[in-house]
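Read off the chains here:
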Amino acid sequence: MDLEELRAFLAVAEAGSFLAAATSLHMPRATLRRRIDQLEARAGVPLVDRTRDGVSLTEAGKLLAARGRLMVQESNALLQSVREAGSEPAGVLRILLPVGLPPQVLLHVHGIARKYPRLAFRLHFSDNPVGGLMENVDLALHFGDTSPSGPWVSRELMRVRIWLVASREYLARRGTPRSIEELANHDLLAWEAPGEDGRSWPLLRGGTFPVAPIVTAQDIHVIRLLAVAGRGIALAPDPGIPDDGVPAGTIVPVLPDVVGREIGFRVVVPAVLSEIPRIKAMLDLLEPFLGKLGL
């Protein structure tokens, strides 16, 4: 298969028209049409339906688009690996992160950047980093105990405790619950992990129990800020390091022997990219670096 023909086809599939695809590729429309015609001749079946309203994919075209993106990604990664073999990690590393990671964790990206001065970072954020992986990023960090299906390299970096916390001021004002039943008398704040229900909280020994939070969010930092501000009892991951600008002991665990669970924090990389120097360097650094932070 000719990769230039495949790239032309993918541009048409994404743009939905020959004109828009030709514009994005800086290519004459006639050249683009010719490449699509040649690709269809190689495939032996129609790949696109041409209509007055634009272009749509046939069933064969949809299959080729899904698999073809991976083929193009693999070819690009192979070329990058060859160009960068033996060289110092350089270029832009695109990282997808969970929404609401504590800022003090993100500040330590600078510590990694100093080790490789020719490496720059572009950070993207998502409430579900592994949902729809992963065309425009090089690696993703996410909470979870399973890896996405597909050709990914996945590594668990650490285990994170999810538990209840509240400010001392809130507990002094509203009282400290001694059982899960007493939580019903409190304002509850819930971090909702991707694919989970913030109205169902985990028991340390297994199982869950229902709650009615007044605030539910997939942004960890927002939930912790509300807890620090004395707005309620929060179910949230423990970052393992002090909250930035918050005096030690401001927030304390609630029912630590009853409510909570552990969850993995993982890094996921498309397998085709894992040997590119800048990505391999990041994978090699992440685990010991997080260990030094006490995470």
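Every value quoted in this text rests on a predicted model; they were computed, and no experiment measured them.

A.B. asks: Whenever I open this one, the packing of aromatic side chains confuses me. Can you help?
C.D. replies: The way to describe two aromatic rings as a pair is by their centre distance and the angle between their planes. What the rule picks out here adds up to three aromatic pairs. With a centroid separation of 5.3 Å and 70° between ring planes, the pair formed by Phe143 and Trp191 is classed as edge-to-face. On the criterion of sequence distance, the pair formed by Phe143 in strand 5 (residues 139-143) and Trp191 in strand 7 (residues 188-191) is long-range, its members being 48 residues apart. The pair formed by Phe143 and Trp191 is uniform in burial state, with each residue classed as buried. With 6.4 Å between their ring centres and 80° between their planes, Trp201 and Phe209 make a pair best called edge-to-face. The pair Trp201 / Phe209 is uniform in exposure class, with both members buried.

A.B. asks: I tried to follow helix 8 (residues 220-228) on my own but got confused; where do I start?
C.D. replies: Every α-helix winds through 3.6 residues per turn, so residues three or four apart in the chain are directed the same way. All buried positions along helix 8 are accounted for by Ile220, Ile223, Arg224 and Ala227. Projected down its long axis, helix 8 shows its buried positions confined to an angular sector of 95°, all on one face. Looking at the buried side of helix 8, the elements it contacts are strand 5, strand 6 (152-167), strand 7, strand 10 (215-217), strand 11 (233-237) and strand 12 (251-254). Two residues or fewer after helix 8 comes Gly230, characterised by a positive phi angle close to 80°.

A.B. asks: Hey, could you run me through unusual backbone geometry in this one?
C.D. replies: Note: most residues except glycine have negative phi, and most peptide bonds are trans. Even without glycine at this site, His26 takes up a positive phi of about 55°. Its location among the elements puts His26 in the loop between helix 2 (18-25) and helix 3 (29-43).

A.B. asks: Mind showing me how you'd approach the nonpolar core here?
C.D. replies: If you look at soluble globular proteins, the nonpolar side chains tend to sit buried side by side. Counting 54 residues, the largest nonpolar core has Leu164, Trp201 and Ile233 as its most contacted members. Per element, the largest residue contribution to this core is eight residues, and it comes from strand 6. Setting aside residues up to four positions removed in sequence, Leu164 forms contacts with Leu183, Trp201, Ile233, Ala234, Leu235, Val252, Pro253, Val254, Leu255 and Val259. Among the nonpolar cores identified, the runner-up in size contains 19 residues, and Leu6, Phe9, Ala11 and Val72 belong to it.

Cut-offs applied
Residues numbered from 1 in each chain as written. Predicted model: local features only at pLDDT ≥ 70, side-chain atom pairs only at ≥ 80, totals over all residues. Heavy atoms only, no water. Phe/Tyr/Trp six-rings, centres within 6.5 Å; stacked < 30°, edge-to-face > 60°. Helix = DSSP H or I, 4+ residues; strand = E, 2+ residues; numbered from the N terminus. Buried < 20%, exposed > 50% of the residue type's maximum accessible area, 1.4 Å probe, protein only. Arc of directions from axis to C-beta. Contact = heavy atoms within 4.5 Å. Core = buried A, V, L, I, M, F, W, Y, C linked by side-chain atoms within 4.5 Å.

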